[in-house]
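Geometric and topological summary
Read off the chains here:
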Amino acid sequence: MKKLLIALLINICIFPFNAFAKDDIASYSIQDALNLAHAKEKLGSDIKFYFGDQKFSKVKENFGEFKTNKKTNAFNKTDLEACQWVFLSAMITLKDRAVKEGGNAVVNIKSNYRDNLTSDRSTFQCGSGTFVSGVALVGDVVRL
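Residues numbered from 1 in each chain as written. Predicted model: local features only at pLDDT ≥ 70, side-chain atom pairs only at ≥ 80, totals over all residues. Heavy atoms only, no water.

Quick look at the nonpolar core
Judged by nonpolar contacts, the single largest core of 25 residues is most densely connected at Phe-49, Phe-87, Met-91 and Phe-124. Elements represented by at least two residues in this core include exactly helix H2 (30-34), helix H3 (37-43), strand S2 (48-51), helix H4 (79-101), strand S4 (105-113), strand S6 (123-129) and strand S7 (132-143). Here this core gets 8 residues from one element, more than from any other, and that element is H4. Setting aside residues no more than four positions away along its own chain, Phe-49 makes contact with Leu-43, Gln-54, Met-91, Leu-94, Lys-95, Val-106 and Ile-109. Listed in part, the 5 residues of the second largest apolar core include Ala-105, Val-107, Val-142 and Leu-144. (Core = buried A, V, L, I, M, F, W, Y, C linked by side-chain atoms within 4.5 Å. Buried < 20%, exposed > 50% of the residue type's maximum accessible area, 1.4 Å probe, protein only. Helix = DSSP H or I, 4+ residues; strand = E, 2+ residues; numbered from the N terminus. Contact = heavy atoms within 4.5 Å.)

A look at the packing of aromatic side chains
Under the counting rule described, the total for this entry stands at 5 aromatic pairs. Look at Tyr-50 and Phe-56: their rings are 5.6 Å apart centre to centre, the planes differ by 50°, and that puts the pair in the tilted class. Exposure remark for Phe-56: the relative accessible area of 29% places this residue in the partly exposed category. Ring centres 6.3 Å apart and planes at 35° place the aromatic pair Phe-51 and Phe-87 in the tilted group. (Phe/Tyr/Trp six-rings, centres within 6.5 Å; stacked < 30°, edge-to-face > 60°.)

With respect to the state of the cysteines
A covalent bond bridging the sulfur atoms of two cysteines is what the word disulfide describes. Taken as a whole and assessed by the stated rule, the structure comprises 1 disulfide. In this model Cys-83 forms its disulfide with Cys-126; the gap between the sulfur atoms is 2.1 Å. Looking along the S-S bond of the Cys-83-Cys-126 disulfide, the torsion reads about -80°, which is the left-handed sense. Here the residue Cys-83 occupies a position in helix H4, and Cys-126 occupies one in strand S6, the gap between them amounting to 43 residues. (Disulfide = S-S within 2.5 Å.)

Side note on the pairing of S7
Extensive coverage of S7 is indicated by the burial of 10 of its 12 residues. Strand direction decides the pairing type here: strand S3 (residues 61-73) and S7, joined by 12 bridges, are antiparallel. Within S7, the position partnered with Gly-64 by the bridge is Val-141. The hairpin formed by S6 and S7 contains 2 residues between the paired strands. (Pairing = 2+ DSSP bridges.)

Quick word on a nonpolar patch on the surface
Together, Phe-75, Phe-131 and Val-132 make up a nonpolar patch on the protein surface, roughly 330 Å² of accessible area in all. Taking relative accessible area as the criterion, Phe-75 reaches 55% and is therefore assigned exposed. (Patch = residues over 30% accessible without salt bridge, like charges linked within 9 Å, V, L, I, M, F, W, Y side chains within 5 Å. Areas by Shrake-Rupley, 256 points an atom, 1.4 Å probe, with all protein chains shown as cover. Salt bridge = Lys/Arg side-chain N within 4 Å of Asp/Glu carboxyl O.)

Honestly, that's just the spatial picture; any functional story needs more than this.
Following this line, the structure appears as structure tokens:
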């Protein structure tokens, strides 16, 4: 009887949290995220980024398509704060890959959250749960 009572109390405590679990996907401004001071500091200006169908100069060398899939702790942050933070993490990954490959730009950057590819020159997609937010990007590392 005591075990049954304990199991019942555990279920009562756990199920309300499951009922209110959040799983939102939203679009956020690329420019707003890139304009943050820590974004400018971390990304610098050595590597150029082109989103969606933004125009760029002729590609001299293409090093291939690369993907990122980053998550961040969203606890005690707004969705906007968490999504901008994890977007920066994904952008740093693309920058590091461009440097490693010898490129000077990442072009055709698209959101790829949950393998749902979306191309937009002004927004990125971010998924926000109760405790975690995530951004997945894909782009071509090139030398312009």
